[in-house]
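Chains, contacts and geometry: an overview
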Amino acid sequence: MKHPVLDHKIDPKKAATYEKAVERVMAMSEQEMLAFMPERHYARFCECPKCYGGVQGYEVFAWRVERPEELKCKFCGTVVHPNPAYPEDQVMSGKNKLGETITHRFYYNPERKMQHFFTDHVAMYKRHWLMSQCRALGAAYQATGKDEYARRVALVLDRIAQVYPHYAVMSVGGMPVRHFKFAASQNPPYRWDEGKWGWHAPSDDMPAGVIECYDLVYDSPAFDKLSQERGYDVRKKFENDFLRDTFAAVSAHPNHVNNYVAYLSVAAHIGRVMGEPRFVHWAFHWMKQNVYAGCFYDGMWHESPSYHYMTTSGLRSCFESVRGYSDPPGYVDPTDGTRLENLDPDKDVAFWAKVRHAPEALDFPNGCSTPVHDTWGGTRASKPRDQTVSTILPGFGHASLGRGAGPNQMQAQLHFSGGYGHHHLDNLHLTLFAKGREMLSDIGYTWTSIRWWTTSTFSHNTVTVDGKDQAGKSSDGDLLWFFPDSHGVAVVEADGQRGYGHIEKLDTYRRLLVMIPVSDADAYVVDLFRTRGGSVHDWLLHGDADEDMSAACSLPLSQKLARMDAKGVKAYELMRDVQSAQAAEGLNVTF
Ligand SMILES: [Zn+2]
Ligand SMILES: [Zn+2]
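In this text, all values refer to a predicted model and were calculated from it rather than measured experimentally. (Residues numbered from 1 in each chain as written. Chains lettered and ligands numbered in written order. Predicted model: local features only at pLDDT ≥ 70, side-chain atom pairs only at ≥ 80, totals over all residues. Heavy atoms only, no water.)

So, on to the coordination of the zinc ion (ligand 2). Summarising the metal site, the zinc ion (ligand 2) is bound by the protein donors His-424 (ND1), Asp-442 (OD), Asp-442 (OD) and His-460 (NE2), whose distances to it range over 2.0 to 2.5 Å. One can describe the site at the zinc ion (ligand 2) as irregular: its four donor atoms subtend angles covering 54 to 154° at the metal. Along the chain, the residues donating to the zinc ion (ligand 2) are arranged with the sequence spacing H-x17-D-x17-H. Of this pair, His-424 sits in the loop between strand 12 (410-415) and strand 13 (429-434) while Asp-442 sits in the loop between strand 14 (437-440) and helix 14 (451-455), and the two are 18 residues apart along the sequence. In this structure Asp-442 comes out as buried when scored by relative accessible area, which is 3%. (Donors = N, O, S within 2.8 Å, 3.2 Å for Na, K, Ca; no water. Tetrahedral: all angles 85-135°; square planar, octahedral: opposite > 155°, others 65-115°. Helix = DSSP H or I, 4+ residues; strand = E, 2+ residues; numbered from the N terminus. Buried < 20%, exposed > 50% of the residue type's maximum accessible area, 1.4 Å probe, protein only.)

What follows is the structure, encoded as structure tokens:
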């Protein structure tokens with residue numbers, strides 16, 4: 001098999017540029033360069049002990065190859081390492097898979113009860129820098145054919161094969177406080193916050209970046225020469241002790257349907273570069289699973305429009321990584337019993353074409369995704385439209401009654417999905433779009449300290465029961481009716497009772513929307529929300545999330561209260577300037 005197998009987009013005309021890019025690493029001795037590959041697992045997160053600036057020890061420090069041992073805080077400017085004020089005089093020990101004792105040193109701040117692994121954090125920057133150099137060296141080799149560049153890469157890959165089996169599986173913890181600990185088990189599958197080569201399972205243990213370097217220099221005589229020096233086959237050792245082990249660790253996970261699928265393309269690359277078709281079949285199987293099992297039958301990813309686009313963008317590069325692939329002659333995969341021949345994902349995964357554009361069915365007339373669940377408001381996915389009709393994603397659980405042309409396009413959307421990750425507690429939520437803007441909004445995705453409000457039932461245009469949030473999981477609504485256009489009238493009704501499955505004796509929770517035109521330009525919406533059971537029903541309308549709105553009520557209202565009586569309901573605490581009235585006789589509110 002001729003290498004490189006992958007398309008690295010190397011331009012031989014730029015040979016001088018590629019050579020210039022590796023001058024620094026080539027000026028190092030081989031020993032100096034290899035010292036950049038850590039002997040132990042690096043520490044992914046590290047806080048500044050002076051100011052504790054930034055978030056969760058994530059990219060708090062500036063690091064430069066000119067001063068490779070130094071960590072300088074981006075927030076307070078302190079060089080925290082090396083620094084006698086923060087000595088790494090504490091020791092943490094544990095065992096790797098081989099049973100060897102591995103020791104990490106750290107500085108301990110008793111006030112914060114926090115460990116700081118500076119040396120191991122420096123190791124992360126060093127390894128990342130070294131791998132970026134390998135990529136550049138591989139490109140320089142491809143452009144010039146000079147074996148000295150390939151030798152450097154072969155040395156680094158051989159170094160990886162030497163150190164990696166001795167790495168311990170480490171855990172980094174979740175939010176809000178990260179840690180650095182030996183994982184409870186050194187055997188795969190690793191927990192989500194653990195890794196041996198990486199730190200986030202399963203995706204980060206797939207050696208992205210490394211396999212591309214191997215492909216770039218695979219055919220170089222440098223490997224054969226180094227094998228003679230070492231007395232073993234350097235390629236085989238790297239494949240067996242590193243590539244196969246990382247693949248085994250990742251593939252030990254039972255499920256690979258998730259919204260960060262790009263690592264499946266790395267698995268396919270490993271299979272293609274090593275000539276191991278089993279790996280390609282495994283990767284392609286999980287790519288297809290993300291399409292067939294990760295999406296509802298209407299093509300919508302199971303979480304939200306924003307996560308739909310994040311996942312399908314990863315899947316797009318996954319499918320490119322196997323496009324045109326053929327198994328070696330005579331190969332039949334022992335697991336799936338098939339052969340892959342000139343693979344064409346567009347043909348072989350026909351549903352993929354539907355999946356790619358699925359959320360567009362619910363787009364507002366201005367081309368923005370409906371901001372349901374964790375979807376960023378204002379995400380523009382399609383071109384603005386001239387005409388709107390009623391649409392539905394029945395698998396996801398969202399209908400849009402629509403009508404009108406140009407500036408008179410209008411939508412009343414009824415949401416009745418369940419919760420499958422990145423969801424909100426939002427069954428039977430109503431979104432209204434008219435006159436070129438959202439009039440009743442969903443706030444969508446936020447990363448704020450009151451994110452709990454944006455996901456709660458109370459922040460949605462729906463009915464809350466007894467001051468409680470809906471359940472989220474196992475809360476799928478049922479579509480009862482959907483008439484997209486009956487002489488201009490559109491109707492949808494859904495049952496959302498499972499959302500309040502935890503309220504005893506709630507026997508009715510359903511919403512009917514009817515859109516009725518009065519002219520070419522205008523229509524009104526009848527909203528019939530039926531709730532029976534529980535004692536308090538709050539019917540909530542929140543207005544526009546982008547612009548201020550006002551509303552006038554036909555009933556005489558009470559004195560303004562600065563805050564609502566919260567009665568132990570957290571969401572009520574956010575209700576300010578509250579006025580009330582008895583509404584037994586009915587009322588009008590003009591927006
Ligand atoms: Zn600082
Ligand atoms: Zn929402």
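Looking now at the coordination of the zinc ion (ligand 1). Around the zinc ion (ligand 1), the protein supplies Cys-48 (SG), Cys-51 (SG), Cys-73 (SG) and Cys-76 (SG) as donor atoms, at distances of 2.2 to 2.3 Å. Coordination at the zinc ion (ligand 1) comes from four donor atoms whose angles at the metal span 105 to 114°, giving a geometry best classed as tetrahedral. Read in sequence order, the donor residues for the zinc ion (ligand 1) give the motif C-x2-C-x21-C-x2-C.

Glancing now at the sheet that holds strand 8 (residues 181-182). Here three strands make up an open sheet; going across it, the order is 8-7-9 and the pairing antiparallel. If you trace the sheet from one side to the other, it starts and ends with strand 8 and strand 9 (194-195), each paired once. Sheet topology places strand 7 (residues 170-171) next to strand 9; two bridges connect them, and they run antiparallel. Considered in strand 9, the bridge of Ser-171 is made with Glu-194. (Pairing = 2+ DSSP bridges.)

With that settled, consider helix 8 (residues 234-251). Across its 18 residues, helix 8 extends 24 Å between first and last C-alpha, which sits within 8% of the 26 Å expected from 1.5 Å per residue. Where helix 8 bends most, at Asn-240, the angle is about 30°. Those residues of helix 8 not exposed but buried are Val-234, Arg-235, Phe-238, Glu-239, Phe-242, Leu-243, Thr-246, Phe-247, Ala-249 and Val-250. Looking at the buried side of helix 8, the elements it contacts are helix 5 (147-163), helix 6 (210-217), helix 7 (221-230), helix 9 (263-274) and helix 10 (277-292). (Expected span 1.5 Å × (residues − 1). Bend = angle between axes of the 7 residues up to and from the residue. Contact = heavy atoms within 4.5 Å.)

Here the focus is the sheet that holds strand 6 (residues 114-116). As summarised here, the arrangement of the three strands in space is 4-5-6, forming an open sheet in which the pairing is antiparallel. Two strands bound the open sheet, and with one partner strand each, they are strand 4 (90-95) and strand 6. Strand-to-strand twist across the sheet, computed as the mean angle between neighbouring axes with direction ignored, equals 45°. (Axes fitted to C-alpha atoms, helices over the stretch in contact; angles between N-to-C directions.)

Residues Trp-539, Leu-541, Met-549, Leu-587, Val-589 and Phe-591 make up a contiguous nonpolar surface patch of about 580 Å² in total accessible area. By the secondary structure assignment, Met-549 is in the loop between strand 20 (537-539) and strand 21 (552-553). Given a relative accessible area of 36%, Met-549 falls into the partly exposed group. (Patch = residues over 30% accessible without salt bridge, like charges linked within 9 Å, V, L, I, M, F, W, Y side chains within 5 Å. Areas by Shrake-Rupley, 256 points an atom, 1.4 Å probe, with all protein chains shown as cover. Salt bridge = Lys/Arg side-chain N within 4 Å of Asp/Glu carboxyl O.)

Each assigned domain of the protein chain is listed here: domain 1 (1-249), domain 2 (255-356), domain 3 (383-545) and domain 4 (550-591). Put simply, the middle of domain 2 and the middle of domain 3, counted by C-alpha atoms, are 34 Å apart. Taken together, the contacts link ten residues of domain 2 with eight residues of domain 3. Of the roughly 910 Å² buried between domain 2 and domain 3, counting both surfaces, carbon and sulfur atoms make up 65%. For the domain 2 face of the interface with domain 3, the top three residues by lost area are Asp-298, Glu-303 and Tyr-307, together amounting to 47%. Tallied by class, the residues present in the side of domain 2 that touches domain 3 amount to five nonpolar, three polar and two charged. (Domains from an automatic or database assignment. Buried area = accessible area lost by both parts, 1.4 Å probe. Nonpolar A, V, L, I, M, F, W, Y, C, P; charged D, E, K, R; others polar.)

To continue, consider the environment of Leu-479. Its location among the elements puts Leu-479 in strand 16 (residues 478-486). Accessibility expressed as a relative area gives 35% for Leu-479, which makes it partly exposed. When the C-alpha atoms of Leu-479 and Arg-510 are compared, they prove to be 9.7 Å apart, with 31 residues separating the residues in sequence. Those residues within four positions of Leu-479 in sequence are excluded, and the remaining contacts are Ile-392, Phe-416, Val-492, Glu-493 and Ala-494.

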